[in-house]
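# Fold and geometry: a report
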Amino acid sequence: MEAAPPLASSQSGFFSSSYYSSSFSPRYFHITSLKFKSRTLPIRCSSAGDNVVTLLDYGAGNVRSVRNAIRFLGFDIKDVQTPEDILNANRLIFPGVGAFAAAMDVLNKKGMAEALCSYIKNDRQFLGICLGLQLLFESSEENGPATVRGLGLIPGVVGRFDSSNGLRVPHIGWNALHTVKDSEILDDIGNRHVYFVHSYRAMPSNDNKEWVSSTCNYGDNFIASVRRGNVHAVQFHPEKSGDVGLSVLRRFLYPKSSTTKKPKEGRASKLAKRVIACLDVRTNDKGDLVVTKGDQYDVRENTGENEVRNLGKPVELAGQYYIDGADEVSFLNITGFRDFPLGDLPMLEVLRYTSENVFVPLTVGGGIRDFTDANGRYYSSLEVASEYFRSGADKISIGSDAVYTAEEYIRTGVKTGKTSLEQISRVYGNQAVVVSIDPRRVYINDPNDVEFKAVRVTNPGPNGEEYAWYQCTVNGGREGRPIGAYELAKAVEELGAGEILLNCIDCDGQGKGFDIDLIKLISDAVSIPVIASSGAGAVEHFSEVFKKTNASAALAAGMFHRKEVPIQSVKEHLLETGIEVRM
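A quick note: this is a predicted structure, and the numbers were derived from the prediction, not measured.

### A few points about the overall build of the chain
For the chain, the count of helices and strands is 16 helices and 29 strands. Counting over 583 residues, the chain shows a buried share of 61%. The contacts in the chain between residues at least 6 apart in sequence include a share of 72% that link residues at least 24 apart. Taken as a whole, the chain presents about 23,100 Å² of accessible surface, with 46% of it coming from carbon and sulfur.

### Brief notes about the sheet that holds strand S4 (residues 125-130)
Two strands in a sheet stick together by hydrogen bonds in their backbones, pointing the same way (parallel) or opposite ways (antiparallel). Read from one edge to the other, the open sheet built from eight strands follows the order S2-S1-S3-S4-S14-S13-S12-S9, with strand pairing classed as mixed. Strands with a single pairing partner mark the edges of an open sheet, and in this sheet they are strand S2 (76-79) and strand S9 (178-179). With four bridges joining them, S4 and strand S14 (residues 231-234) adopt parallel strand pairing. Bridging across to S14, Phe126 finds its partner in Val231. Most of the contacts of helix H1 (residues 64-72) go to S2, to which it runs at about 140 degrees, and overall it touches strand S1 (52-55), S2 and strand S3 (91-96). Of the strands in this sheet, S1, S3, S4 and S14 are in contact with helix H6 (residues 242-253), which crosses S4 at around 160 degrees.

### Some points on the side chain of Glu487
Assignment of secondary structure puts Glu487 in helix H12 (residues 485-495). We note that Glu487 is buried and unpaired, the nearest opposite charge coming from Lys453 at a distance of 7.8 Å. When sequence neighbours within four positions are dropped, the list of residues in contact with Glu487 reads Ile410, Glu451, Phe452 and Lys453.

### Thoughts on the packing of aromatic side chains
Aromatic ring pairs are reported here in terms of the distance separating the ring centres and the angle at which the planes meet. On inspection of all chains with the given rule, the structure shows 13 aromatic pairs. Aromatic pair Phe161 and Tyr218: ring centres 5.4 Å apart, planes at 90 degrees, arrangement edge-to-face. Of this pair, Phe161 sits in the loop between strand S7 (154-160) and strand S8 (171-175) while Tyr218 sits in strand S12 (residues 212-218), and the two are 57 residues apart along the sequence. Here the two residues Phe161 and Tyr218 agree in accessibility, since each one is buried.

### Digging into the environment of Ser397
Here Ser397 shows up in strand S21 (residues 395-398). Measuring from C-alpha to C-alpha, the distance between Ser397 and Ala432 comes to 8.6 Å, with 35 residues separating the pair along the chain. Aside from chain neighbours lying at most four places away, what touches Ser397 is Leu332, Thr363, Val364, Gly365, Gly366, Ile368, Val434 and Ser436.

### Observations concerning the pattern of salt bridges
In total, this model carries 28 salt bridges according to the counting rule given. In this structure, Asp79 engages Arg67 in a salt bridge whose closest nitrogen and oxygen atoms are separated by 2.7 Å. Pair noted here: Asp79 is in strand S2 and Arg67 is in helix H1, with a separation of twelve residues, a long-range link. Classification of Asp79 by relative accessible area gives buried; the value is 16%. Judged by its relative accessible area of 2%, Arg67 is buried. For Arg227, the salt bridge goes to Glu184, with nearest N and O atoms at 3.3 Å. With Arg227 in strand S13 (residues 220-228) and Glu184 in the loop between S9 and strand S10 (194-198), the pair connects residues that are 43 residues apart, well separated along the chain. On the accessibility criterion, Glu184 (33% relative accessible area) is partly exposed. Among the ionic contacts, a cluster of salt bridges with common partners joins Arg274, Glu328, Lys395 and Glu499.

### So, the sheet that holds strand S11 (residues 200-202)
The strand order across the open sheet formed by four strands is S6-S5-S7-S11, and the pairing between neighbours is mixed. Across the chains shown, the open sheet's two edge strands, defined by having one partner strand only, are strand S6 (148-149) and S11. With two bridges joining them, strand S5 (residues 137-140) and S6 adopt antiparallel strand pairing. Each bridged residue has a counterpart across the sheet, and for Ser140 the counterpart in S6 is Val148.

### Looking at the pairing of strand S17 (residues 328-333)
Burial runs high along S17: six of the six residues are buried. Burial of the side chains of S17 extends over both faces: Glu328, Ser330 and Leu332 are buried on one face and Val329, Phe331 and Asn333 on the other. With four bridges joining them, S17 and strand S18 (residues 362-365) adopt parallel strand pairing. Each residue of the ladder has a partner; that of Ser330, found in S18, is Thr363.

About the cut-offs
The numbers attached to residues start from 1 for each chain and follow its sequence in the written order. Where local features are concerned, this predicted model is filtered to residues with pLDDT of at least 70; where side-chain atom pairs are given and counted, the filter is 80 or more; whole-chain, interface and lining totals use all residues. Note that water and hydrogens are dropped before the side-chain values are worked out from all heavy atoms of the structure. Comment: elements are numbered from the N terminus, with helices defined as DSSP H or I runs of at least four residues and strands as E runs of at least two. Here the term buried applies to any residue with accessible area under 20% of the maximum for its type, exposed to any over 50%, and partly exposed to those in between, with areas from a 1.4 Å probe on protein chains only. Contact definition: two residues touch when any of their heavy atoms are within 4.5 Å. Each accessible area value is a Shrake-Rupley result obtained with a 1.4 Å probe; residue values ignore everything except the protein chains displayed when judging cover. Any two strands between which DSSP finds at least two bridges are classified as paired. Throughout, an axis means a line fitted to C-alpha atoms (over the contacting stretch in the case of helices), and angles, computed between N-to-C directions, take values from 0 to 180 degrees. Charged-residue counts in this description rest on Lys and Arg as positive and Asp and Glu as negative, His and the chain ends being excluded. The salt bridge criterion pairs a side-chain nitrogen of Lys or Arg with a carboxyl oxygen of Asp or Glu, the two atoms within 4 Å. Planes of paired rings set the category: under 30 degrees apart is stacked, over 60 is edge-to-face and the rest tilted, where pairs are Phe, Tyr or Trp rings (Trp by its six-membered ring) whose centres lie within 6.5 Å.

Next comes the structure, spelled out in structure tokens:
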């Protein structure tokens, strides 16, 4: 896809690197009480010789989810250490994440490319995921004019989506498949959505039509899956596609099994609007990690004790939202800006436990920045992000640090390549980087009174002001900065953000609806997906934001935590109003 991977993994036999070293000493972890419900363990395969999946993991991004899905379905994992491990595999899964060129470089240097080609040419049981599909093609244009050679097993060139016609890139979200031939592993999808996240794709042609088993439409019809004999590959992420995705993995792992239960039929036809459940997580005054919710960012109860509002346990709530149909789950460590995030062991444990049973995308944010601890040890933001990814996150959300980066970029016009946003985007791909914007309205009488982009507001200000600009804040909304939300959004897109989480302090916790003026301003200004946040209190608020703006997703917290409106009710309402959603 779009970024060079770090050359290491704690779970891969390929290499070692400081990005993934075990240098995060326990003395930096401040462990608080954290209790988890006992979980039902998956049933193991009965035959000791037939319960192993060989995994080709070269250490980029979140492969923990693939591992968890494989184990959930009853299989053990053997990591590829040598080319012989590929050749000796009974079944091989290649969950490619990162950049085409970097992946090919690794495969060639380690002698894996030749072994992989031999394995596939001999019609051995193989499943490639995302980049694991793209590498099967002849080449990629990911590095610009200098095309990079792939494995050359399937005719065609992997190219970038064309965003010139308004298409939002990366392609992020739940989209429909159009099956063109029998694939076996897709048999149980039943016209339901699967999850994609990528900026590059391969196109069907007469030369590769014998391989193509399904396509997906996003601007044009691109190749969503291929199949020839025992060789399969998919562009979407089955490990992040809920029960539908697990059915794909199950069909691959148990190719000879028969399904007596007819799969549930869906109505997927195009890219769906996403409904995201957000969990604001922090330690309370007793040291327990809890989910809370603020009222204009104030999370304390209006009582004599002034205690932190406690709305539940994060792992349990995330699991319930997955069951309820959330398209993604976001964890925001709302006090992460204060302390060293890697010292927050419970938050990392929350990710690890959640990813064992929640098979939709997980985002985590809070305090992702460069940090020097009390002992003078320097940690880069890339190290911080790497630990989150290794713990189960699919995307990380950057807040305050992105504001400072954008301010400097606007002032100098220089991309240093050293900022957290640029580094993480380069290593993991821009689809893995979300920028969280926390603005508040500043009402004005004349848009020419300020240097920032202002809009005419639907509801005038307290003194009848007809315009407002949106001032960005840092440190949990505590400090205003001399930059507007519009200017910030444009800057971070140029610096490598793949998605924007757009909050509004004025609407937070009010339950009166999203700030349509703000969301329309930003979603019209950028070509990356925008997530609407802050203010949801009724199902109608979701249909309003999707009909009046170009938001790709809408997020809510308090209304779900307090069980005021179920996720399923939101989706049913959206369907009734003609808006495509995943059911």
